[in-house]
Amino acid sequence: MTPRILIACVGNIFLGDDAFGVEVARRLQGRRLPDGVRVVDFGIRGFDLALALLDDAIDAAILVDAAPRGEPPGTLYVIEPEWAEPNQAAIEEGTLIETHSLDPVKVLRLVLTLGGQPKRVLLVGCEPTPVVEDEDPPMEMSPPVEAALDEAVRLVESLIEQVRDDGGVCTS
């Protein structure tokens, strides 16, 4: 059976490079994708993403987000995050749900807390340009991140093929 794949793009369009995932979603929606692949712009709606990952109608997900890892701005990378059980302190403090931001690791923990089962998740990340402290974040994406958008779309398309070839199997 061909795996059903969710392309979950996240980010805040009002925070410069954080709009990376949202812009990738916009570009992917204009392309022909294989049957069983669905692109959703989740913006900053982490709870909605958690509910989508709980859905048995998907076998794998590719998250697309700006994610700082200390590389030069515009650097793309693929990470296969581990499904770590949430600790009791995070559950008691309520830090698994944030209504105005989206942390992919917290979303995966929330999915497990809600009784979901791990499925294959890949994260396509793009290194944002650091924001200067004490300055308002720019509204537009930086040139290096904007220049990485087309390559990110191609990377997502290649990951779709890889997941389809692997049958959507979770490797963690």
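The structure we're discussing is the one just above.
Just so it is clear, the structure is predicted and the values come from calculations on it, not from any experiment.

Novice: Pulling in residues and values, what's your account of the overall build of the chain?
Specialist: Counting its secondary structure elements, the chain contains six helices and five strands. Sequence-distant contacts in the chain: of pairs separated by 6 or more residues, those separated by 24 or more amount to 82%. Of the roughly 9100 Å² that the chain leaves accessible, carbon and sulfur atoms contribute 51%.

Novice: Quick rundown of the packing of helix H2 (residues 46-54) against helix H4 (residues 104-113)? Include the residues and the values.
Specialist: Where H2 meets H4, the closest approach of the two axes is 9 Å, and the angle between their N-to-C directions is 50°. With respect to each other, H2 and H4 are oriented oblique. For the pair H2 and H4, the crossing hand works out as right-handed. Between H2 and H4, the contacting residues are Gly46, Phe47, Leu49, Ala50, Leu53 and Leu54 on the first element and Val107, Leu108, Leu110 and Val111 on the second.

Novice: Lay out a negative patch on the surface in plain terms, naming residues and giving numbers.
Specialist: The grouping of Glu133, Asp134, Glu135 and Asp136 at the surface amounts to a negative patch. Structurally, the position occupied by Glu135 is in the loop between strand S5 (120-126) and helix H5 (143-147).

Novice: Tell me what's going on with a nonpolar patch on the surface, and back it up with residues and numbers.
Specialist: The grouping of Ile13, Phe14, Leu15 and Met139 at the surface amounts to a nonpolar patch, some 400 Å² of accessible area in total. Within the fold, Ile13 resides in the loop between strand S1 (5-10) and helix H1 (20-29).

Novice: Outline the pattern of salt bridges, supporting the account with residue identities and numerical values.
Specialist: Side chains carrying opposite charge are able to pair once their charged atoms draw close together. Tallied over the entire structure, the rule returns eight salt bridges. The salt bridge involving Arg4 is made with Asp59; its shortest N-O contact spans 2.9 Å. Note that Arg4 is positioned in the segment before S1 and Asp59 in the loop between H2 and strand S3 (60-66), a separation of 55 residues in sequence. Notably, a salt bridge pairs Asp150 with Arg27, separated by 2.6 Å at the nearest N-O pair.

Novice: Give a description of the side chain of Glu23 that names residues and reports values.
Specialist: Topologically, Glu23 is positioned in helix H1. Other than its neighbours up to four places away in sequence, Glu23 contacts Met141 and Leu149.

Cut-off values and rules
Residues numbered from 1 in each chain as written. Predicted model: local features only at pLDDT ≥ 70, side-chain atom pairs only at ≥ 80, totals over all residues. Heavy atoms only, no water. Helix = DSSP H or I, 4+ residues; strand = E, 2+ residues; numbered from the N terminus. Contact = heavy atoms within 4.5 Å. Areas by Shrake-Rupley, 256 points an atom, 1.4 Å probe, with all protein chains shown as cover. Axes fitted to C-alpha atoms, helices over the stretch in contact; angles between N-to-C directions. Parallel < 35°, antiparallel > 145°, perpendicular 65-115°, else oblique. Left-handed = near helix turned anticlockwise from the far one by under 90°. Patch = residues over 30% accessible without salt bridge, like charges linked within 9 Å, V, L, I, M, F, W, Y side chains within 5 Å. Salt bridge = Lys/Arg side-chain N within 4 Å of Asp/Glu carboxyl O. Lys, Arg positive; Asp, Glu negative; His and termini not counted. Charge placed at Lys NZ, Arg CZ, Asp CG, Glu CD.

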